[in-house]
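Below, each chain spelled out in residue letters.
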Amino acid sequence: MVVRAWRSPFRCMVPEPSVALAGPVLVVDDEPAILRALTVALRARGYVVRTATTGQEALEETALASPAAVILDLGLPDIDGVEVCRRIREWSEVPIVVLTADGADDRKVAALDLGADDYITKPFSTPELLARLRVALRHRSQAGREQEETALLTVGSLVVDRARHRVTVEGRAVVLTPKEFGFVCLLARHAGRVLTHRTILQEVWGQDYGTETQYLRVYASQLRKKLGDDPHRRRLITEPGIGYRLVDPDADDPS
Amino acid sequence: MTRPALVPKRLYGLAAGLGTLLLATAILLPFRDDLDTATVALVLVLPGVAAALIGRRWAALGIAVTAALTLNVGFLQPYGTLKVDVTDEIINLIVFSGVALLTAALAGRERDRRYAAEERAARIEALAQENLEIRDVQERLSAEALALNLAGEHRSALLRAVSHDLRTPLTTIRAVVSDLRDGTAYDPAARNEMLDLVADEAERLTRLVANLLSMSRIDAGAMVPERQAIPLEELFEDCVNRHARLVRDRKVAFDVPLTLPLVDADWTLIDQVVTNLLANAVRHAPAGSGIDLAARRCGDSAVEVSVTDQGPGVPPALREAVFTPFRKGPGSSSSGVGLAIARAIVEAHGGTITIGEARRGGARVAFTLPVHGA
């Protein structure tokens, strides 16, 4: 009997890099064991890895080694991980995925709002982390950015036609209000990535909004109904305390 | 309201009045033929006033009447007889009495007011005293509330610290296990390295849990050693063997003389002390450096055990503070119960534990145990 490992929904959305990245992956964590585990995992998949154990080292490595991606622990001993994130974003668009211990919700959201692409909570599943890393890489790449701007966004069987303001699920048209359309459209453009409440509110409702998470709860639940979201294979995922994520639930077919 | 002090005052009043009366009479009597009745009358008002000021109104009245009678009998012709049918005499009597009574009344009111004031003052002082006591109680209560709050915060802080310490090895374990199960092709070296990581972190978790359990036993006052006669060299070897992985990048050396006596101790507990000290030494000493486990006789009835590393050592200012449980050292991510537990165990055996400096600058942690049979 083969025990099939749980596969993250994201894995098949973006395959392992067959083309070498434009730089190493920088892994930053003050715990040597975690650093080692991630280094081995990344190298086994063909990535080049550099490591750092402090915020200061992280900033130096990012500046000197021009990494293609950064995995950043928020609980660093010298500088707050959120601050490191902010400083990196001052001059770099490198994809950043943050590692957080649970209960540090404010800092997760702060990091995401300051430009981190995604997050994962410790203890995490390595394949899950790497999948989020790949999503972040894709979105920040040239191809990814162009993809976001196309008129037709496809996330599995969900298709968002931005030109005609139409959404279809498995070919079936879904009637959405303007805000609902805006919500789905934004999430589809950043398919696979988490978007914070603030980001969604500001993009869809306007700059003056930012804290009305109850609106999002209502809209999310309405959207789930209209899209026919199956609770066992969710498309629209709630990240409690953080925001929302739109994924392709059919991506974990056995291959 | 009782005024015990006033009872004698009545007598004083009478005495004063009588005294004044007698005095005045004695002075004026020789001159009664030459003096005007009015003058004598005026002077004889004074005894009544004196009695009124010092005594009460009845004494005053009594003296006043006596003074009037004295005036009548002693200073009006014919001398020595009481004249009752003269209008002047009646007026004299009335006036004397009136003045005496009024003075008594005034004096009395004055006295009443004074007493009331004194009593109020006494009551205020009593209230002030009570107030101070209440304030004291309040301060004590708020200090206790603060202490409880602090204890609550301490507990939260230590729960956070413990959570962090448990989560860290679990993160590595889960990261590795999830990765290996994902089916990526690993070369044997990488795979072994990953499994080594899991093994190390699992051991770390085991030590942490043992420490936490000890910590809770210490808190509950249930740290009671089961003593046996223990050969320390055996305990050291056993301990280091069980933690071979922990010390694999360090050179552990034993220094135990053959003549060392057995010690009276609980094997499991002392093993835990040595484990904690070893773990600390490994954490602080660089790879490849030496860790010395030594034991030697210390006086007639004790043995001193020491664990020495070649790390940065502990600055003198911190050598007591590091024994405080759940106190994080600078840059340390450990919740820091190891030394606190070591101390509790050593002290439960009647020994002491201290940190000193090793010859080459590292830390030397030494503790004493009683010699068996001493």
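Residues numbered from 1 in each chain as written. Chains lettered and ligands numbered in written order. Predicted model: local features only at pLDDT ≥ 70, side-chain atom pairs only at ≥ 80, totals over all residues. Heavy atoms only, no water.

What follows deals with the overall build of chain B. Helix and strand counts for chain B stand at 9 helices and 7 strands. Relative to all contacts within chain B whose residues are 6 or more apart in sequence, the contacts with residues 24 or more apart total 72%. Within the structure as shown, chain B displays about 21100 Å² of accessible surface, and the carbon and sulfur contribution to it stands at 59%. (Helix = DSSP H or I, 4+ residues; strand = E, 2+ residues; numbered from the N terminus. Contact = heavy atoms within 4.5 Å. Areas by Shrake-Rupley, 256 points an atom, 1.4 Å probe, with all protein chains shown as cover.)

A word on a nonpolar patch on the surface. A grouping of Val65(B), Leu69(B), Leu82(B), Val84(B) and Leu93(B) is seen on the molecular surface, where their side chains present a nonpolar patch of about 410 Å² in accessible area. Checked against the element boundaries, Val84(B) lands in the loop between helix H4 (57–75) and helix H5 (87–181). (Patch = residues over 30% accessible without salt bridge, like charges linked within 9 Å, V, L, I, M, F, W, Y side chains within 5 Å. Salt bridge = Lys/Arg side-chain N within 4 Å of Asp/Glu carboxyl O.)

Turning to the packing of aromatic side chains, a few remarks are in order. In the structure shown here, the tally under the stated rule is 5 aromatic pairs over all chains. Between the aromatic rings of Trp205(A) and Tyr219(A), the centroid separation amounts to 4.9 Å while the plane-to-plane angle is 85 degrees, which identifies the pairing as edge-to-face. You can see Trp205(A) sitting in helix H8 (residues 197–205) and its partner Tyr219(A) sitting in helix H9 (residues 213–227), a full 14 residues away along the chain. With relative accessibility at 14%, the residue Trp205(A) sits in the buried group. Ring plane angle 15 degrees and centroid distance 6.4 Å describe the contact between Phe236(B) and Phe254(B), whose orientation is recorded as stacked. Remark: Phe254(B) occurs in strand E2 (residues 251–255) and Phe236(B) occurs in helix H7 (residues 232–242); sequence separation between them is 18 residues. Overall, Phe254(B) belongs to the partly exposed group, its relative accessible area being 33%. Put simply, the rings of Trp205(A), Tyr209(A), Tyr215(A) and Tyr219(A) touch in pairs and so form one group of aromatic residues. (Phe/Tyr/Trp six-rings, centres within 6.5 Å; stacked < 30°, edge-to-face > 60°. Buried < 20%, exposed > 50% of the residue type's maximum accessible area, 1.4 Å probe, protein only.)

Contact residues are listed per partner, giving 22 residues for chain B and 21 residues for chain A. Regarding the contact of chain B and chain A, the summed buried area is about 1900 Å², with carbon and sulfur atoms giving 58% of it. Summed over the three residues of chain B that lose the most area to chain A, namely Arg167(B), Thr171(B) and Asp182(B), the buried surface amounts to 28% of that side. One can count 4 salt bridges joining chain B with chain A. Across the salt bridge formed by Arg45(A) and Asp179(B), the nearest N and O atoms sit 2.6 Å from each other. Inspection of the chain B/chain A interface yields 8 residue pairs in polar contact (both at pLDDT 80 or more). Among the secondary structure elements, those contributing two or more residues to the side of chain B that touches chain A are H5 and helix H6 (188–219) of chain B. With 11 residues, the single largest contributor to the side of chain B that touches chain A is H5(B). When grouped by side-chain class, the residues that make up the side of chain B that touches chain A number 8 nonpolar, 6 polar and 8 charged. (Buried area = accessible area lost by both parts, 1.4 Å probe. Polar contact = N/O pair within 3.5 Å; in protein donor to acceptor, adjacent residues only side chain to side chain. Nonpolar A, V, L, I, M, F, W, Y, C, P; charged D, E, K, R; others polar.)

Okay, the pattern of salt bridges next. Tallying each qualifying case throughout the model produces 36 salt bridges over all chains. Between Asp229(A) and Arg234(A) there is a salt bridge; the shortest N-O distance is 3.8 Å. Notably, a salt bridge pairs Arg242(B) with Asp271(B), separated by 2.9 Å at the nearest N-O pair. Highlighted residues: Arg242(B) in helix H7 and Asp271(B) in helix H8 (residues 267–284), separated in sequence by 29 residues.

Residue and element names in this part refer to chain B. Per-residue confidence for chain B gives a mean pLDDT of 86; residues scoring 70 or more make up 95%. Mean pLDDT in chain B bottoms out at helix H1 (residues 6–28), which sits at 80, and peaks at strand E5 (residues 302–308), which reaches 96. Both scores are given for the predicted complex: the pTM is 0.67, the ipTM 0.81. (pLDDT = per-residue confidence, 0-100.)

Moving on, we get to the sheet that holds strand E10 (residues 194–196) of chain A. All names here are of chain A. Pairing is antiparallel in the open sheet, where 3 strands are placed in the order E10-E12-E11. At either end of the open sheet lies a strand with only one pairing partner, and these are E10 and strand E11 (236–239). Averaged over neighbouring strand pairs, the angle between their axes works out to 30 degrees when direction is ignored. With 4 bridges connecting them, E11 and strand E12 (residues 243–246) associate as antiparallel partners. Bridging across to E12, Glu239 finds its partner in Gly243. Contacting E10 and E12, H8 crosses the sheet at an angle of about 75 degrees to E10. (Pairing = 2+ DSSP bridges. Axes fitted to C-alpha atoms, helices over the stretch in contact; angles between N-to-C directions.)

Right, let's talk about the environment of Ala58(A) for a bit. If you trace the backbone, Ala58(A) turns up in helix H2 (residues 55–65). In this view, Ala58(A) contacts Leu26(A), Val28(A), Ala52(A) and Val84(A); residues no more than four positions away in its chain are not counted.

Here the focus is helix H7 (residues 178–189) of chain A. Residues and elements named next belong to chain A. Over its 12 residues, H7 runs 16 Å from end to end, which matches the ideal 16 Å to within 8%, given 1.5 Å per residue. Counting buried residues along H7, 9 of its 12 residues qualify, which places the element largely inside the surrounding structure. When H7 is considered as a whole, its buried residues turn out to be Glu180, Phe181, Phe183, Val184, Cys185, Leu186, Leu187, Ala188 and Arg189. (Expected span 1.5 Å × (residues − 1).)

Quick look at the confidence of the model for chain A now. All names here are of chain A. In the predicted model, chain A carries a mean pLDDT of 86, and 89% of its residues have values of at least 70. Under a pLDDT of 50 for its full length, residues 1–7 has, in the predicted model, 8 contacts with residues more than four places off or in other chains. Contacts for the low-pLDDT stretch residues 10–15, under 50 throughout, to residues beyond four places or in other chains number 18 contacts.

Attention shifts here to the nonpolar core. All names here are of chain B. With 44 residues, the main nonpolar core has Leu232, Phe236, Val274 and Phe367 as its most contacted residues. Within the residue set of this core, elements represented by two or more residues are H7, strand E3 (263–265), H8, strand E4 (290–298), E5, helix H9 (338–348), strand E6 (353–357) and strand E7 (363–370). Counting residues per element, this core draws most heavily on H8, at 9 residues. For Phe367, the residues in contact, after removing those within four places along its chain, are Ile270, Val273, Val274, Leu277, Val303, Glu304, Val305, Val346, Thr352 and Ile353. (Core = buried A, V, L, I, M, F, W, Y, C linked by side-chain atoms within 4.5 Å.)

Once that is clear, we can look at the pairing of strand E1 (residues 25–28) of chain A. All names here are of chain A. Residues Val25 and Val27 line one face of E1 and the alternating positions Leu26 and Val28 line the opposite face, and both faces are buried. In terms of strand pairing, E1 meets strand E2 (residues 49–52) through 4 bridges, oriented parallel. Paired with Val28 across the strands is Ala52, a residue of E2. Handedness of the β-α-β unit built from E1, helix H1 (residues 32–44) and E2 comes out right-handed. Bridging between E1 and strand E3 (residues 69–73) involves 4 bridges; their strand directions are parallel. From the neighbouring strand, Val27 faces E3, where its bridge partner is Ile71. (Right-handed = clockwise from strand over helix to strand, strands pointing away.)

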